[in-house]
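Descriptive analysis of the structure
Spelled out from the first residue to the last, the chains are:
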Amino acid sequence: MLMEKGNEGRGVALLLGFLAFFALAFGGEDDGVSVWPMPKSESHGSQTLSLSKDFKLTTRGSNYPDGSGLLKEAFWRMVDVVQVNHIVDGRVPSSMVLAGLNVAISSADDVLNFGVDESYKLDVPALGGLIYANVEAQTVYGALHALETFSQLCHFNFDERIVELHSAPWSIFDEPRFPYRGLLIDTSRHYLPLPVMKVVIDSMTYSKLNVLHWHIVDEQSFPLEIPSFPRLWVGSYSYSERYTVANALEIVQYAQRRGINVLAEIDVPGHSHSWGVGYPDLWPSSDCNQPLDVSKEFTFEVIEGILSDFSKIFNFKFVHLGGDEVNTSCWSDTPHVKEWLNKHGMTESDGYKYFVLRAQKIAISHGYEVINWEETFDNFGKQLSPETVVHNWLGDGVAEKVVAMGLRCIVSNQDKWYLDHLDATWEGFYMNEPLTNITIPEQQKRVIGGEVCMWGEQIDASDIEQTIWPRAAAAAERLWTPIEKLASDPTLVTGRLARFRCLLNQRGIAAAPLAGPGRAPPVGPGSCLKQ
């Protein structure tokens, strides 16, 4: 088939990228480990086990009662993805049969607090007769990660029509490098229906990401119901492109049962045009409608109401208050706001600081610790609450300044970890190191993790999955795997990431090919493993 006129250059570029990928796709890896992200430590053998058709979950030696069924649900989800919708109707051999998985959890508590122990130990013996694999974990959330790792050791045998586990015996000990491993989604630039959000959450578990940063509102739309101020969602795109409180609770609970916390964001004082559609008093004027009016108590009453309502829905330790890209000229251009600033001896910059710090105090009063985009640090530094987490996005060198000042940091530098940058390659995602130039151990601990950002201006429900994956997985390994086990050259992990991308496709996740930037399509016929 001939290329359309005008696309020849792009086609040639993609083809060259594909050829380079093909040459490297299976080079450099000789350890036989296909798990993604790479575990902290592992050893394995060369034997093959067959999974019993009556594969069981047992909990001998466990202190976890599983009263909510969280573990049992996760086990059956794991069985489902292992079978990959195939009919398992072959004859299982009488020897070397894996009869089930025994999960022993030390803690009876299943509250998903930030920093919860996510470690696990997975042992799969290779002895004769009926065999049980064993998981030991401090918490149920470590056990969920163990189930995911176990699922990646299993393969469907098309000749025998049974599920097998290769390279036994296995002994794996694993734990995350960073406690915060996030993915941002943006429901203001384009509305994302609940089923789409749930698919994104499911896909996050496959690479052990654990925070869904929900950038709910922005200047374009305000889709969330706020009972304290019910006209706010008049600023949604349409009557049907909205989330009720029940919808938001559903997403939070769905995510938490999969070991994922939901970080809610309202971005103030900028990015706020949509707020005033329902409440025009929030605008400095009808002609100058953002940032929010700093001079009115009503503005802070609304923020108080939102965060009060948030506290009944979003029970994560943190809330994100934005604070980025604030153009304060609107305040000086609006007589009553300018008069208020003058009365209080404030410049526009002072007003910006006043707004950020007052919003922080409101959030803290509701039990939250606050995350702000890095402009707040650049402008106010130590005047921020000492509990502030600074969210880096503009570029390199910020994290080292933040932690040196004693604050915590999340890394999302846009040149490497912004998924809407379609020219950003998975190799760049993999090699982006959050601790660059941070060598003092106490300061390293203040980098609590990182986040890849799926801004929504040019994505919606139709293409979000292939824009996120597989590049987000490259960052996920950087955030999970010990630095000494990360590859110094991304070409060394190309084959393993290609297999993981195919695994995502098999599980119903529309992950794009590795060959090519962003969400590039396949360049032609061929195996999933070679795209």
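Remember, predicted model here, so these are calculated numbers, not experimental data. (Residues numbered from 1 in each chain as written. Predicted model: local features only at pLDDT ≥ 70, side-chain atom pairs only at ≥ 80, totals over all residues. Heavy atoms only, no water.)

**Structural notes on the overall build of the protein chain**
Rules: Numbering of helices and strands runs from the N terminus, with a helix taken as a DSSP run of H or I at least four residues long and a strand as a DSSP run of E at least two residues long. Note on method: radius of gyration uses C-alpha positions; expected globular size equals 2.2 Å times residues raised to 0.38. Any residue under 20% of the maximum accessible area for its type is buried, any over 50% is exposed, and the rest in between are partly exposed; the area is computed with a 1.4 Å probe on protein chains only. Using the Shrake-Rupley algorithm and a 1.4 Å probe, accessible areas are obtained, with residue cover drawn only from the displayed protein chains.
For the protein chain, the count of helices and strands is 18 helices and 14 strands. Over its C-alpha trace the protein chain gives a radius of gyration of 25 Å, about what one expects of a compact globule, namely 24 Å for 531 residues. The principal-axis extents of the C-alpha atoms in the protein chain amount to approximately 85 × 65 × 50 Å. In the protein chain, buried positions account for 57% of the 531 residues. Carbon together with sulfur atoms contributes 52% to the accessible area of the protein chain, which is approximately 21,200 Å² in total.

**Observations concerning the packing of helix H2 (residues 70-83) against helix H3 (residues 140-153)**
Put simply, the test is: Helix axes are fitted to C-alpha atoms over the stretch in contact, other axes to C-alpha atoms as well, and angles between N-to-C directions run from 0 to 180 degrees. Angle categories: roughly parallel below 35 degrees, roughly antiparallel above 145, roughly perpendicular from 65 to 115, and oblique for all the rest. Here, residues are in contact when the closest pair of their heavy atoms is within 4.5 Å. Ten residue types, Ala, Val, Leu, Ile, Met, Phe, Trp, Tyr, Cys and Pro, are classed as nonpolar, four, Asp, Glu, Lys and Arg, as charged, and the remainder, Gly among them, as polar.
The contact between H2 and H3 brings their axes to 9 Å, and the two run at 10°. Relative to H3, the element H2 is oriented roughly parallel. For the pair H2 and H3, the contacting residues are Leu70, Leu71, Ala74, Phe75, Met78, Val81 and Val82 in the first and Val140, Tyr141, Ala143, Leu144, Leu147, Phe150 and Ser151 in the second. Looking at side-chain class alone, the contact of H2 with H3 contains 13 nonpolar, one polar and no charged residues.

**Details of the confidence of the model for the protein chain**
Selection criterion: The predictor attaches a confidence to each residue, called pLDDT, with possible values from 0 through 100.
Overall, the prediction assigns the protein chain a mean pLDDT of 93, with 94% of residues at 70 or greater. Within the model, pLDDT remains below 50 along residues 1-30, and this stretch shows 39 contacts once partners closer than five positions in the same chain are excluded.

**Topic: the pairing of strand S7 (residues 180-186)**
Our working definition: For two strands to count as paired, DSSP must find a minimum of two bridges between them.
Along S7, seven of the seven residues are buried, which leaves the element largely enclosed by surrounding structure. Of the two faces of S7, the one lined by Tyr180, Gly182, Leu184 and Asp186 and the one lined by Arg181, Leu183 and Ile185 are each fully buried. Where S7 meets strand S14 (residues 447-454), six bridges bridge the pair, whose relative direction is parallel. Its bridge partner lying in S14, Leu183 is registered against Val452. Bridging between S7 and strand S8 (residues 211-215) involves five bridges; their strand directions are parallel. In the sheet register, Gly182 faces S8, and the bridge partner there is Val211.

**Comments concerning the pairing of strand S9 (residues 261-265)**
Here is the rule: A crossover gets the label right-handed when its path from the first strand over the helix to the second runs clockwise, viewed with the strands pointing away from the viewer.
Most of S9 is tucked away: five of the five residues are buried. In this sheet, S9 lies alongside S8 in parallel orientation, the contact comprising five bridges. For Leu212, the partnering residue across the bridge sits in S9 and is Val262. Between the parallel elements S8 and S9, the chain passes through helix H5 (residues 245-256) in a crossover that is right-handed.

**Brief notes about the side chain of Ser221**
Looking at where Ser221 falls in the secondary structure, it is placed in the loop between S8 and H5. When sequence neighbours within four positions are dropped, the list of residues in contact with Ser221 reads Thr187, Ser188, Gly235, Ser236, Tyr237 and Ser274.

**Quick notes on the state of the cysteines**
Selection rule: For the purposes of this analysis, a disulfide is any pair of cysteine sulfur atoms at a distance within 2.5 Å.
Taken as a whole and judged by the stated rule, the model has two disulfides. For Cys288, the disulfide goes to Cys330, at an S-S distance of 2.1 Å. Here Cys288 is found in the loop between helix H6 (275-278) and helix H7 (297-310), whereas its partner Cys330 is found in helix H8 (residues 329-333), with 42 residues between them in sequence. Of the two residues examined, Cys288 and Cys330, each falls in the buried class. A sulfur-sulfur distance of 2.1 Å marks the disulfide that ties Cys502 to Cys528. Looking down the S-S bond of the Cys502 and Cys528 bridge, the torsion is -120°, so its handedness is left-handed. Taken as a pair, Cys502 in helix H18 (residues 494-506) and Cys528 in the segment after H18 lie far apart in primary sequence, 26 residues in all. Here Cys154 stays unpaired: no disulfide links it, and the sulfur of Cys502, its closest cysteine neighbor, is 18 Å away.

**A few points about the packing of aromatic side chains**
Threshold: Any two rings among Phe, Tyr and Trp, with Trp reduced to its six-membered ring, count as a pair given centres within 6.5 Å; such a pair is stacked if its planes are under 30 degrees apart, edge-to-face if over 60, and tilted if neither. A ring has a charge above it when a Lys NZ or an Arg CZ is no more than 6 Å from the ring centre and no more than 35 degrees off the ring normal.
Counting across every chain of the model gives 24 aromatic pairs. Taking 6.2 Å as the distance between ring centres and 50° as the angle between the ring planes, the aromatic pair formed by Trp36 and Tyr430 counts as tilted. Of the two residues, Trp36 sits in the loop between helix H1 (8-24) and strand S1 (41-58) while Tyr430 sits in helix H14 (residues 426-431), which places them 394 residues apart along the sequence. Like Trp36, the residue Tyr430 is buried in the burial classification. Residues Phe300 and Tyr354 carry aromatic rings whose centres are separated by 5.9 Å and whose planes lie at 80° to one another, so their mutual orientation is edge-to-face. Of the two residues, Phe300 is situated in helix H7 and Tyr354 in helix H10 (residues 348-365); the sequence distance between them amounts to 54 residues. Linked through ring pairs, Tyr191, Trp214, Tyr243, Phe310 and Phe314 together constitute an aromatic cluster. Above the face of the Tyr254 ring, Arg258 is positioned so that its terminal group lies 3.5 Å from the ring centre. Between Arg507 and the ring centre of Tyr206, over which it is positioned, the NZ or CZ distance is 4.6 Å.

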